Amino acid sequence: MLKADVVILGLGYVGLPTAALIASKKTFVHGVDINEKIINGIKNEKIHINEPGLNSLIIDAKKLGFFDCNTFPIKSKVYIITVPTPLKKNNKPDVSFIKNATKSIIDLLEEDDLYIIESTSPVGTTEKMMNYIYKKRPDLKDKLFISYCPERVLPGNAIDEMINNDRVIGGINKVSTKKTISFYKKFIKGALLSTNAKTAEMCKLIENSSRDLQISFANELSIICDEANINVWELINLANKHPRVNILNPGPGVGGHCIAIDPQFIISDFPKNSKIIKQAR
């Protein structure tokens, strides 16, 4: 059976650039996506993501034999989950894509394999997936390296940020964290910051929740100033002269993939103690 150095499950705006970056370092990457249209597009050099530099990286990696893709995984020593985690209609996170991706590699896993989740996840998801794996494969209990490492990229500058941004890495134990850091060190120039899985999961959520709060404050301030007949731009400029104040400029709200969604992960799991986050959202 063909074996890859790295299998990446989910070839979206995080997964495909991640695959391209790793493959560019002469590491054989097998990309997986359940969407046949995406797979066929990549195979025909019609990349579905408009990301500077991505096309050439993927095309070069394919030509050199360091990248292929399909709708199913193959054996590897490293598996990275980069699938979506959308919100359901009740604003609760849907982790079924993570579970299904994990299920697809259950029979391929072997002792000492490295399993990493990069998808935005509710706190405790990595441990839940660990328990799911060990329930299905009791022969591997405590014999895998399992970690959570959230992405921190801005679409449109993904490749550069993947290389240079600092990364938070949280394993289910210290040896998993260490193993994961050793893996990412081959591809990333930014600092690799070690912690545990739950802290890493929460770190991803609070980064965007904190931005949501700051944006909400600026926008509410704009409405207050309008009522008070105060120039909000002048006010913020004056307030920001304080050495410990940095108020954002008001705007139309938030957009993108994460800021409007990630706070809901916290609100969903901690409804009693996330009042300010909920109000801002």
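Since the model is a prediction, treat every value here as computed from it, not as a measurement. Here, residues in each chain are numbered from 1, in the same order as that chain's written sequence. In keeping with the predicted nature of the model, local features appear solely for residues at pLDDT of at least 70, side-chain atom pairs appear and are counted solely at 80 or more, and the whole-chain, interface and lining totals rest on all residues. For the side-chain quantities, the full set of heavy atoms in the structure was used; hydrogens and water were omitted.

Pairing of aromatic rings covers Phe, Tyr and the six-membered ring of Trp, with a centre-to-centre limit of 6.5 Å; geometry is then stacked below 30 degrees between planes, edge-to-face above 60, and tilted otherwise. Following the criterion strictly, the structure yields 2 aromatic pairs and no others. For the ring pair F183 and Y184, a centre distance of 5.2 Å and an interplane angle of 70° mean the geometry is edge-to-face. Its relative accessible area of 3% is what places Y184 among the buried residues. Taken together, a centroid distance of 5.2 Å and an interplanar angle of 65° make the contact between F183 and F187 edge-to-face. Classification of F187 as buried rests on a relative accessible area of 6%. Only protein chains enter the area calculation, which uses a 1.4 Å probe; residues under 20% of their type maximum are buried, those over 50% are exposed, and those in between are partly exposed.

Think of it this way: any DSSP run of H or I at least four residues long counts as a helix, any run of E at least two long counts as a strand, and we number them from the N terminus. Inspection of helix α2 (residues 36-43) places I38, I39, G41 and I42 among the buried residues, and these make up the whole buried set. An end-on view of α2 places all buried positions within 165° of arc, on one side of the element. Away from its buried face by more than 90 degrees, α2 exposes E36 and K37. The contact rule is simple, with two residues in contact once any of their heavy atoms fall within 4.5 Å. Of the surrounding elements, those touching the buried residues of α2 are α1 (15-24), α3 (54-63) and β3 (67-70). To obtain the arc, one takes the directions from the helix axis to the C-beta atoms.

This part covers the nonpolar core. Put simply, buried Ala, Val, Leu, Ile, Met, Phe, Trp, Tyr and Cys residues joined by side-chain atoms within 4.5 Å make one nonpolar core. If you look at the biggest cluster of nonpolar residues, it comprises 39 residues, and the most contacted ones within it are L16, I42, F67, I80, F183 and Y184. A per-element tally of this core places α1 first, with 6 residues. Filtering out sequence-adjacent residues up to four positions away, F67 remains in contact with L16, A19, A23, F28, V29, G31, I42, I58, A61 and K62. M129, Y132, V168 and A200 belong to the second-largest nonpolar core, a separate cluster that totals 29 residues.

Next up on the list: the environment of L193. Relative to the helices and strands, L193 is located in strand β8 (residues 192-196). Here L193 falls in the partly exposed class, since its relative accessible area comes to 38%. Expressed as a C-alpha distance, the spacing of L193 and G170, which sit 23 residues apart in the sequence, is 8.4 Å. If near-sequence neighbours (up to four positions away) are discounted, L193 is found in contact with D166, R167, V168 and I169.

Here helix α4 (residues 96-105) crosses helix α5 (residues 125-136) at 35°, and the two axes come no closer than 11 Å. Crossing handedness for the pair α4 and α5: right-handed. Between α4, through I98, K99, T102 and K103, and α5, the contact on the second element is made entirely by T125, M129, Y132 and I133. Three residue categories are used. Nonpolar comprises Ala, Val, Leu, Ile, Met, Phe, Trp, Tyr, Cys and Pro, charged comprises Asp, Glu, Lys and Arg, and polar comprises the others, including Gly. Across the contact of α4 with α5, the residue classes tally to 4 nonpolar, 2 polar and 2 charged. Fitted lines through C-alpha atoms give the axes, limited to the stretch in contact for helices. The angle between two N-to-C directions lies from 0 to 180 degrees. Definitions for this section: a left-handed crossing has its near helix turned counterclockwise from the far helix by less than a right angle. A right-handed crossing has that turn clockwise.

This part is about the pattern of salt bridges. Salt bridges are defined as contacts in which a side-chain nitrogen from Lys or Arg sits within 4 Å of a carboxyl oxygen from Asp or Glu. One pass over the full model with this rule turns up 7 salt bridges. Here K75 and E110 are joined by a salt bridge, their closest N and O atoms 2.9 Å apart. Highlighted residues: K75 in the loop between β3 and β4 (78-81) and E110 in the loop between α4 and β5 (114-117), separated in sequence by 35 residues. A salt bridge links E118 to R167; the shortest N-O distance between them is 3.2 Å. In this pair, E118 is assigned in the loop between β5 and α5 and R167 in strand β7 (residues 167-171), connecting sequence segments 49 residues apart. Exposure class is identical for E118 and R167. Each is buried.

With that settled, the discussion passes to unusual backbone geometry. With a phi close to 60°, K26 is a non-glycine residue in the positive phi region. Positioned with a positive phi, D112 is a non-glycine residue whose angle comes to about 75°. Locating D112 in the fold gives a position in the loop between α4 and β5.

Moving on, we come to the pairing of β5. Residues L114 and I116 point to one face of β5 and Y115 and I117 to the other, with burial holding for every one of them. Note on pairing: DSSP must find at least two bridges between two strands before they are called paired. As paired strands, β4 and β5 are joined by 4 bridges and run parallel to one another. From the neighbouring strand, V78 faces β5, where its bridge partner is L114. Look down the strands so they point away from you; if the path from the first strand over the helix to the second goes clockwise, the crossover is right-handed. Running through α4, the crossover from β4 to the neighbouring parallel element β5 is right-handed. In terms of strand pairing, β5 meets strand β6 (residues 145-148) through 4 bridges, oriented parallel. By the bridge assignment, I117 is partnered in β6 with Y148.

Turning to its location among the elements, K37 is positioned in helix α2. Remark: the alpha-carbon pair of K37 and I188, spanning 151 residues in sequence, is separated by 30 Å.

Let us look at the packing of α1 against α3. Put simply, α1 and α3 touch, their axes get as near as 9 Å, and they point 50° apart. One way to sum up the angle between α1 and α3 is to call them oblique. Judged by the twist between their axes, the crossing of α1 over α3 is left-handed. Mapping the contact onto sequence places L16, P17, A20, A23 and S24 in α1 and L54, L57, I58 and A61 in α3. Residues of the contact of α1 with α3, tallied by class, amount to 8 nonpolar, 1 polar and no charged. Roughly parallel here means an angle under 35 degrees, roughly antiparallel means over 145, roughly perpendicular means 65 to 115, and every remaining angle is called oblique.

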